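This is what each chain is made of:
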2 protein chains.
Amino acid sequence: MGSESRGPLRLLRETHEERVITALRTQGPLTRAQLAEQTGLSRATLSSIVQTLLARQMVTERGAAEEAVAGTPGAVRRSGAGVRGRPVSVLTLNPGGGLAVGMDLGHRRVQVTIANVAHEIVASDGIACAERTSWARRVQLAIDLVDELTARHEISLIGLAGLGVGIVGPVAPELSVRSARGPSPGRSGLVRGALAERFGVRVSVDNNTRLAALAEATWGAGAGVESVLYLRLSYGVGGGLVLGGRLLAGAGGAAGELGHISVDRDGPRCSCGGRGCLELYLANLVDEYGGFDSLSPHAITTIATRTGEVLAAACNAVNPEVVVVGGELTAAGEHLFRPLRKALREYTHTQVHRTLRVTQAQLGYDAAARGGIALVLTNPPEEAEWRRTSCS
Amino acid sequence: MGSESRGPLRLLRETHEERVITALRTQGPLTRAQLAEQTGLSRATLSSIVQTLLARQMVTERGAAEEAVAGTPGAVRRSGAGVRGRPVSVLTLNPGGGLAVGMDLGHRRVQVTIANVAHEIVASDGIACAERTSWARRVQLAIDLVDELTARHEISLIGLAGLGVGIVGPVAPELSVRSARGPSPGRSGLVRGALAERFGVRVSVDNNTRLAALAEATWGAGAGVESVLYLRLSYGVGGGLVLGGRLLAGAGGAAGELGHISVDRDGPRCSCGGRGCLELYLANLVDEYGGFDSLSPHAITTIATRTGEVLAAACNAVNPEVVVVGGELTAAGEHLFRPLRKALREYTHTQVHRTLRVTQAQLGYDAAARGGIALVLTNPPEEAEWRRTSCS
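Per an unreviewed UniProt entry, chain A goes by the name NBD/HSP70 family sugar kinase and belongs to Kribbella pratensis. Recorded under Sequence similarities (unreviewed entry), the UniProt text for chain A is reproduced unchanged: "Belongs to the ROK (NagC/XylR) family."

1. Quick word on the sheet that holds strand β10 (residues 237–243) of chain A
Residues and elements named next belong to chain A. Spatially, five strands are ordered β11-β10-β9-β12-β13 in an open sheet, and the strand pairing comes out mixed. Among the strands making up the open sheet, the edge pair consists of β11 (246–247) and β13 (357–360). Pairing of strand β9 (residues 227–233) with strand β12 (residues 322–326) involves five bridges; the strand directions are parallel. Looking across to β12, one finds that Leu229 is bridged to Val323. Where helix α13 (residues 334–346) meets the sheet, its contacts fall on β9, β12 and β13, and the angle it forms with β13 comes to roughly 155°.

2. Considering the side chain of Glu309 of chain A
Within the secondary structure, Glu309 of chain A is located in helix α12 (residues 297–318). Judged by relative accessible area, which is 14%, Glu309 of chain A ranks as buried. Among residues more than four places away in sequence, those in contact with Glu309 of chain A are Ala343 and Tyr347 of chain A together with Arg265 of chain B.

3. A few points about the environment of Leu93 of chain A
Residue and element names in this part refer to chain A. Relative to the helices and strands, Leu93 resides in strand β3 (residues 89–93). Look at Leu93 and you get buried, because its relative accessible area is 1%. Sequence separation between Leu93 and Gly28 is 65 residues, and the spatial gap between their C-alpha atoms is 7.8 Å. In this view, Leu93 contacts Ile21, Leu24, Arg25, Met58, Val59, Thr60, Val117 and Ala118; residues no more than four positions away in its chain are not counted.

4. Examining the nonpolar core
Counting residues in hydrophobic clusters, the biggest one holds 84 residues, and the most contacted among them are Leu258 and Leu336 of chain A together with Leu258 and Leu336 of chain B. If we ignore the near neighbours within four places in the chain, the residues touching Leu336 of chain B are Leu233, Ile300, Ala304, Leu329 and Thr330 of chain B. Formed by 44 residues, the second largest nonpolar core is a distinct cluster that contains Leu93, Val117, Leu247 and Ala368 of chain B.

5. A look at unusual backbone geometry
Most peptide bonds are trans, and most residues other than glycine sit at a negative phi. Within the chain, His119 of chain B stands out as a residue other than glycine whose phi angle is a positive 70°. Since its relative accessible area comes to 3%, His119 of chain B is described here as buried.

6. Observations regarding the packing of helix α3 (residues 32–39) of chain B against helix α4 (residues 43–55) of chain B
All names here are of chain B. Two elements in contact, α3 and α4, have axes whose closest approach is 10 Å; the angle formed by their N-to-C orientations is 115°. By the criterion of interaxial angle, the relationship of α3 to α4 is roughly perpendicular. Handedness of the α3/α4 crossing: right-handed. Residue-level contacts link Arg32, Ala33, Leu35, Ala36 and Thr39 of α3 to Arg43, Leu46, Val50 and Leu54 of α4. Its residues assigned to classes, the contact of α3 with α4 shows six nonpolar, one polar and two charged.

Cut-offs applied
- Residues numbered from 1 in each chain as written.
- Chains lettered and ligands numbered in written order.
- Predicted model: local features only at pLDDT ≥ 70, side-chain atom pairs only at ≥ 80, totals over all residues.
- Heavy atoms only, no water.
- UniProt positions renumbered as here; feature names shortened; annotations may be inferred.
- Pairing = 2+ DSSP bridges.
- Helix = DSSP H or I, 4+ residues; strand = E, 2+ residues; numbered from the N terminus.
- Contact = heavy atoms within 4.5 Å.
- Axes fitted to C-alpha atoms, helices over the stretch in contact; angles between N-to-C directions.
- Buried < 20%, exposed > 50% of the residue type's maximum accessible area, 1.4 Å probe, protein only.
- Core = buried A, V, L, I, M, F, W, Y, C linked by side-chain atoms within 4.5 Å.
- Parallel < 35°, antiparallel > 145°, perpendicular 65-115°, else oblique.
- Left-handed = near helix turned anticlockwise from the far one by under 90°.
- Nonpolar A, V, L, I, M, F, W, Y, C, P; charged D, E, K, R; others polar.

Put into structure tokens, the structure is as follows:
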């Protein structure tokens, strides 16, 4: 193996330090055991690296009890560490290393959340807006919220690493934005431009349902999981696919469009260009009943079954570890989840459903804003020049 | 931004050199223009790095004409470089940097292909075997082929980077292999163990249809493309999903199981545990007609339409750039592809089909063995300790 160790392959080694830092940045606080699992490094190697990083104050360490208070229980929950009552310390990046701002410019609400690189939320607030509110106005509302939050909490944005912003509707990758035929280049371009000018940092824009998917995979029901398929069952049906902590964009920026998988090959034409889409099917049924709250148990079972079939197709294609379902319709609880799980099992390969967990979303109205933060923290600044969906 | 540039984020930078080497290792020969596109580096930065790598003999350079003779036309085709008749030189890793062996232990054939890190095939051969041939015997046939090829071509395996092996049937990730309930742990474990003992290097085992997918994404119809969905339409229907040059395994090692997406919710139970699966639907239809060659035009159209619907569901979930279709049934040419494309367009979101290309597989019987090579070249040896599907 002599020529290999002297050859170009040797150069490919990620430094072990980088692996540790990437894990802490993308996943937040982790115990040593979790870090070992995430990085694949031996305990001995890891121990020596952590020692060095602590000495250089790039990483900080604290007890699990203090951690729970800090509001990031995910890391401790993930491995079940500490269940025997022993104090388990968690490692985080030095919170002074940078801030990320997440925004959700939603249909009826503008939300702003600010976190540090240690994944601690340092400020968060939202404001209602009318559906007809212009995009320029929504951006201004978000900027005002940032100003207010930074003043109220005495936060300096000197160390701002970037902005991640969720908007309604499809967001094409930059390649499509350059094309006249690209979907809604104006809207995402306007948002990016205005925010980049105001804050002088990289601004990443994506669909807010997709950002909610990333947030669930980072902070919520899919935390610490390699592959998460997220579905939002609301007046619209959307989704997102998070692999290795990264949101999959897809060639047209539409990966995870589960609402437009067909449940009826002879069904009506959908505005997306498809036919018999789940979203349309659900919307028609909800209309028929006059709203989510009026759906009969039978109607909920039918929706759940169709949704399970759609998820089955997606799961056979992607074989995720967790399916997270969010949105208003999950208020139906097991009336929804029981038939959904049954259909999902009925139409998937054994190898797919044997390893699959289906669970309800955990995050609330700030999910997409948190996803914006995760988008910033999972994309190191160095990548700005080549990430399609970013501009600086 | 002062605190950011001094903070931990700075450490996250991949070295530019590593980016260049990774691109050449995973994608083979590339022009400077292609390298710039792949790495996102500026022409100036790239030029200085290439200069350094050439001086250190880690990278070699040659004219496009010579390249075409070397049998790797993909790199030149990809960007259309050289169409104006100007000589365009391509860069590769120094071929002396290492070798990779790919094997396909198929139903009726054992194939061995050997390549260097510059993506040049240096030897390849196959031998027919009976379907009832034991796995131990298939492994021995493959070992004999390696011995014969290395002797015939005077190849030294001193610089062997690893073995990538395709086998029939599902291959569970290592986690499942440890579980008694995991699918076929014996078979992949046996293959891995015997080959690792014989060659003393890391051996990666995966399903051979999935490896064919990786090969098409690396050397074939999906070369140079970010996301490739591969479907094999044969007596069995399988597939694979390649994202960023990497084969997606999925939680149960079953990502890309497109043959088990249901085309009939009331259809018959499939051996996979699902119901109304495309594979079963196709098998029953082919049985009815007495073989692929006897299918009526109407039957081909029906199969193509059902296949297009299945691909549409998968494409809405993943939004790939290219769908590559291989297998015996593609001999029907446009009789298959025309209705398949029609159905695919009919049932996908506009944003998904607008950026989608559907194309026929390019590689032949050595596709899976080549995929084994790609598996080795896309997994740096350093990752051996933490890649699930590998052992050393």
